[in-house]
Amino acid sequence: MNNESILSVLRAPLISEKAARLAEHNQYVFEVAPEATKADVKAAVEQLFEVKVEAVNLVNVKGKTKSFRYRQGRRAGMRKAYIRLAEGQSIDVMAKA
C-alpha cells in the first residue's frame, strides 16, 4: 500500500473525551473514507504508524438535521474506525507536524 492510498483511507484522528478514555486501553479512533474496509484500515494503520493492529471496528455515523434561518439542512455523515493495538504499543495522535 503506497502513501497516497494510506492517506486516502485514513482521513483524520478523532479527538474527544471518549477517544481519550479509549486511548488508555490501547484503542484509537480515526475518521476513515466511506468505502474503506476493515482490511484497508488495518493495513493503513500498520504501515503509517508501524504498529500491530489486533482489531478494527467500523461505525457509520449519520449526519444531524439542523435548521438555519428557518430552513432545514443536513450535516454530512462520516465513517469512524475504532482500532485496538497489541499490548505495549501506542500511537501519538497529538503530535504536531
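Our subject is the structure listed above.
Residues numbered from 1 in each chain as written. Predicted model: local features only at pLDDT ≥ 70, side-chain atom pairs only at ≥ 80, totals over all residues. Heavy atoms only, no water.

Trainee: Could you clarify how one ought to interpret the packing of aromatic side chains in this entry?
Mentor: By convention here, two paired aromatic rings are described through the distance between centres and the angle between planes. Under the defined criterion, the tally for this structure stands at one aromatic pair. Seen in terms of ring centroids, F30 and F49 are 5.9 Å apart; in terms of plane orientation they differ by 35°. Their pairing is tilted. Of the two residues, F30 is situated in strand β2 (residues 27-32) and F49 in helix α3 (residues 38-49); the sequence distance between them amounts to 19 residues. Under the relative-accessibility criterion, F30 is labelled buried at 3%. (Phe/Tyr/Trp six-rings, centres within 6.5 Å; stacked < 30°, edge-to-face > 60°. Helix = DSSP H or I, 4+ residues; strand = E, 2+ residues; numbered from the N terminus. Buried < 20%, exposed > 50% of the residue type's maximum accessible area, 1.4 Å probe, protein only.)

Trainee: Looking at this structure, I do not really get the sheet that holds strand β3 (residues 53-61). What am I missing?
Mentor: Backbone-to-backbone hydrogen bonds join strands into a sheet, with any given pair of strands oriented parallel or antiparallel. Reading across from one edge, β1-β2-β6-β3 is the order of the four strands in this open sheet, with antiparallel pairing throughout. With one partner strand each, in any of the chains shown, β1 (10-13) and β3 form the two edges of the open sheet. The sheet shows a mean angle of 30° between the axes of neighbouring strands, direction not considered. For β1 and β2, the ladder comprises three bridges, and the chain directions are antiparallel. (Pairing = 2+ DSSP bridges. Axes fitted to C-alpha atoms, helices over the stretch in contact; angles between N-to-C directions.)

Trainee: How do you make sense of the nonpolar core when you look at a structure like this?
Mentor: Nonpolar side chains in soluble globular proteins tend to end up buried together. Judged by nonpolar contacts, the single largest core of 18 residues is most densely connected at V41, V45 and I83. Elements with a minimum of two residues in this core: α1 (3-9), β2, α3, β3 and β6 (78-85). Apart from the residues lying within four places of it in its own chain, the contact partners of I83 are N26, Q27, Y28, F30, V41, V45, V53, A55 and V56. (Core = buried A, V, L, I, M, F, W, Y, C linked by side-chain atoms within 4.5 Å. Contact = heavy atoms within 4.5 Å.)

Trainee: Explanation requested: the pattern of salt bridges in the structure shown.
Mentor: Side-chain pairs of opposite charge can arise where the charged atoms are in close proximity. Scanning the entire structure with this criterion turns up one salt bridge. Here E54 and R84 are joined by a salt bridge, their closest N and O atoms 3.3 Å apart. Taken as a pair, E54 in strand β3 and R84 in strand β6 lie far apart in primary sequence, 30 residues in all. Residue class for E54 comes out partly exposed when judged on its relative accessible area of 46%. (Salt bridge = Lys/Arg side-chain N within 4 Å of Asp/Glu carboxyl O.)

Trainee: What am I meant to see in unusual backbone geometry here?
Mentor: Leaving glycine out, the prevailing phi sign among residues is negative, and the prevailing peptide bond configuration is trans. A positive phi angle, close to 50°, is found at R69, a residue other than glycine. Secondary-structure assignment places R69 in the loop between β4 (65-68) and β5 (71-74). For R69, a relative accessible area of 68% gives the class exposed. You will see that Y70, though not glycine, has its phi angle at about 65°, which is positive. Structurally, Y70 is set in the loop between β4 and β5. Judged by relative accessible area, Y70 falls into the exposed class, the value being 88%.

Function-wise, these values are silent; they only describe arrangement.
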